[in-house]
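Below, each chain spelled out in residue letters.
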Amino acid sequence: MKEQKTAAVILAAGHGTRMKSALPKVMHQIGGREMIAHVIDAAAALSPERMAVVIGDHAPEVGAFAQSLRDGVAVAVQSPPQGTGHAVLQALPALEGFSGAVLVLYADTPLVTPATLSALAREIAKGAAVAVLGFRPEDPGAYGRLKLDDKGSLAAIVEAKDANEEELEITLCNSGVMAIDAAFLQKRLKDIGNKNAKKEYYLTDIVALARKDRKSCAVIEASADEVLGVNSRVELAEAEAVFQNRMRKGAMEGGATLADPSTVYFSYDTKIGKDVVIGQHVVFGPGVIIADNAEIKPFSHLEGAHVAGNASAGPFARLRPGADLKPGAKVGNFVEIKKAVIGDGAKVSHLTYIGDAEVGAEANIGAGTITCNYDGYNKHKTKIGKGAFIGSNSSLVAPVSIGDGAYVGSGSVVTKDVEPGDLAVARGRQTAIKGWAARFHESHKGKK
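Residues numbered from 1 in each chain as written. Predicted model: local features only at pLDDT ≥ 70, side-chain atom pairs only at ≥ 80, totals over all residues. Heavy atoms only, no water.

Engineer: Please set out the overall build of the protein residue by residue, giving values where relevant.
Structural biologist: Assigned secondary structure in the protein consists of nine helices and 33 strands. Along the three orthogonal principal directions, the C-alpha set of the protein runs to about 105 × 55 × 40 Å. With 448 residues in all, the protein has 47% of them scored as buried. By element, 51% of the accessible surface of the protein is carried by carbon and sulfur atoms, the whole surface being about 21,800 Å². If you average the places of the 51 positive and of the 50 negative side-chain charges in the protein, the two averages end up 5 Å apart. (Helix = DSSP H or I, 4+ residues; strand = E, 2+ residues; numbered from the N terminus. Buried < 20%, exposed > 50% of the residue type's maximum accessible area, 1.4 Å probe, protein only. Areas by Shrake-Rupley, 256 points an atom, 1.4 Å probe, with all protein chains shown as cover. Lys, Arg positive; Asp, Glu negative; His and termini not counted. Charge placed at Lys NZ, Arg CZ, Asp CG, Glu CD.)

Engineer: How would you explain the side chain of Arg-188 if you had to name every residue and give the values?
Structural biologist: Relative to the elements of secondary structure, Arg-188 occurs in helix α6 (residues 182–188). Here Arg-188 falls in the buried class, since its relative accessible area comes to 12%. A polar atom in the side chain of Arg-188 sits 2.9 Å from the side chain of Asp-213. What Arg-188 contacts, discounting residues up to four positions off in sequence, is Ile-206, Leu-209, Lys-212 and Asp-213. (Polar contact = N/O pair within 3.5 Å; in protein donor to acceptor, adjacent residues only side chain to side chain. Contact = heavy atoms within 4.5 Å.)

Engineer: For the pattern of salt bridges, give the residues involved together with the corresponding values.
Structural biologist: Any two side chains of opposite charge can pair, so long as their charged atoms come close to each other. All told, the structure shown has 16 salt bridges when counted by the stated rule. A salt bridge links Glu-442 to Lys-445; its shortest N-O distance comes to 3.1 Å. Residue classification places Glu-442 among the partly exposed residues on the basis of a relative accessible area of 48%. One salt-bridge network, held together by shared partners, links Arg-188, Asp-191 and Asp-213. (Salt bridge = Lys/Arg side-chain N within 4 Å of Asp/Glu carboxyl O.)

Engineer: Residues and numbers for the side chain of Lys-338, please.
Structural biologist: Looking at the element boundaries, Lys-338 is found in strand β23 (residues 330–342). Once residues within four sequence positions are removed from consideration, Lys-338 is found in contact with Arg-320, Pro-321, Tyr-353, Ile-354, Gly-355, Asp-356, Asn-373 and Lys-379.

Engineer: Give me unusual backbone geometry: which residues, what numbers.
Structural biologist: Glycine aside, residues mostly have negative phi angles, and peptide bonds mostly take the trans form. Cis peptide bonds are those with omega within 30 degrees of zero, and the linkage from Ser-79 to Pro-80 qualifies with -5°. Mapped onto the secondary structure, Pro-80 falls in the loop between β5 (74–78) and α3 (84–91). Here Gly-314 and Pro-315 are connected by a cis peptide whose omega angle stands at 0°. Looking at the element boundaries, Pro-315 is found in the loop between β20 (312–313) and β21 (318–319). Of note, the phi angle at Arg-214 is positive, near 60°, even though the residue is not glycine. Relative to the helices and strands, Arg-214 is located in the loop between α7 (205–212) and β11 (217–221). A residue is classified by how much of its surface remains accessible, and Arg-214, at 79% relative accessible area, is exposed.

Engineer: Residue-level account of the nonpolar core, with values.
Structural biologist: The biggest cluster of nonpolar side chains holds 75 residues, and the ones touching the most others in it are Ile-36, Leu-120, Val-130, Ile-180 and Ile-206. Ranked by size, the runner-up nonpolar core spans 57 residues in total, among them Val-242, Ala-305, Ala-329 and Val-418. (Core = buried A, V, L, I, M, F, W, Y, C linked by side-chain atoms within 4.5 Å.)

Engineer: Residues and numbers for helix α8 (residues 233–253), please.
Structural biologist: With 21 residues, α8 extends 30 Å between its outermost C-alpha atoms, agreeing within 8% with the 30 Å of an ideal straight helix rising 1.5 Å per residue. The complete set of buried residues in α8 reads Glu-235, Leu-236, Ala-239, Val-242, Phe-243, Gln-244, Met-247, Arg-248 and Ala-251. On its buried face, α8 sits against β2 (29–30), α1 (35–44) and β12 (257–258). A positive phi of about 110° marks Gly-255, the residue just after α8. (Expected span 1.5 Å × (residues − 1).)

Engineer: Could you give an account of the environment of Arg-429, with specific residues and numbers?
Structural biologist: Along the chain, Arg-429 falls in the loop between β33 (423–424) and α9 (436–443). For Arg-429, a relative accessible area of 80% translates into the label exposed. Taking the C-alpha atoms as reference points, Arg-429 and Leu-203, 226 residues apart in sequence, are found 82 Å from one another.

Engineer: Would you mind going over a nonpolar patch on the surface in detail, with residue names and values included?
Structural biologist: A cluster of nonpolar side chains, namely Phe-299, Phe-316, Phe-334 and Leu-351, defines an oily patch on the protein surface of about 410 Å² accessible area. Relative to the helices and strands, Phe-316 resides in the loop between β20 and β21. (Patch = residues over 30% accessible without salt bridge, like charges linked within 9 Å, V, L, I, M, F, W, Y side chains within 5 Å.)

Engineer: Explain the pairing of strand β7 (residues 130–135) residue by residue, including any values.
Structural biologist: Burial runs high along β7: six of the six residues are buried. Neither face of β7 is left uncovered, since the one carrying Val-130, Val-132 and Gly-134 and the one carrying Ala-131, Leu-133 and Phe-135 both have all their residues buried. For β7 and β11, the ladder comprises five bridges, and the chain directions are parallel. Opposite Gly-134, over in β11, you have Glu-221 as the bridge partner. (Pairing = 2+ DSSP bridges.)

Engineer: Outline the environment of Gly-435, listing residues and values.
Structural biologist: Tracing the backbone shows Gly-435 in the loop between β33 and α9. Among the residues examined, Gly-435 registers a relative accessible area of 34% and is labelled partly exposed.

And the structure:
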């Protein structure tokens, strides 16, 4: 069977009033990425020929954001909202001339996977007019029930309020996600009526129209977690928990060790190699790559950083965007790295800030060192050569260069370049005043 051609219609017109937020609901993030972006990514994995996003006129920024993610995304506006069938109707012009499976997705259902969408599309390739994604929640409650015929095909979607006692016993429920044959959709979508209490056009009625035309309808089943919809902050947190568990499982199945998986948090794009060890309470922001055999120790926070093989960071390390640890580099406790390369085998062991810098291979940066990179208006760069030694509590005032093998004495404020192999000491000369402390204590005797 040939791979089915696909198009995607993503419904994102809801107001999301239960979120109680000025930010459009679908722009709230899961794993550091907007919910609608997760859905676009899942659909894009199938290489769809067309993609349309249906928005409300209250949130034009949603459409602009979708178009910024992927070239060729069409934006349709539903105003006022009149149900899911009406929403898809607004996207039909973007599907003109398309032949294949039209995936209808929801921008507030961010956890659906490409594998599931591919399975739905295959049902259309097999001849179904409609394929519905079902799931079995712990409490079917108000969900529409998926009623199957004796052949296992979908006979009807029965809304809970319309179901009889026998139908309410059905545990297979409608997620709302579906695939529809494009030709059938173009032909019959306009025939969906709104004779219901809300006077809305429900896309679920497409199943009844298909059965009336003696066309087959199929069901694909997914886990309840995969079709979790987000309508509130509570549900947003629930979706985040599902996402994090997926990422933790993926990291461990890929060969990483997580000392306490429930305390490690990933972003949507975190990449973890084999034989990586991740300690407790580690947070990965967007843009992090950890290579094979690296170690991230407890209570570290990384974002936009790359950690090479056999390098380590933490505990209590902060790697900000642009941090690049080369093989064997060590960044220790209470060290912050920003937009800086830490060379092969270099050590920045504790209580240090390195920003806008290059640290050469095998260099040693002492405790309390600061690269003073900001003058109030511009950032400046510090270069530290191979094998250089920076003594504790030193301030390197950029732009400045410390040569290969050079040595900076502890407590120095370095404002000029240090040549390779030289010693730089930039601190006040120590003076001793004989007997001063004894006299001072004597003069204050009895005053405590």
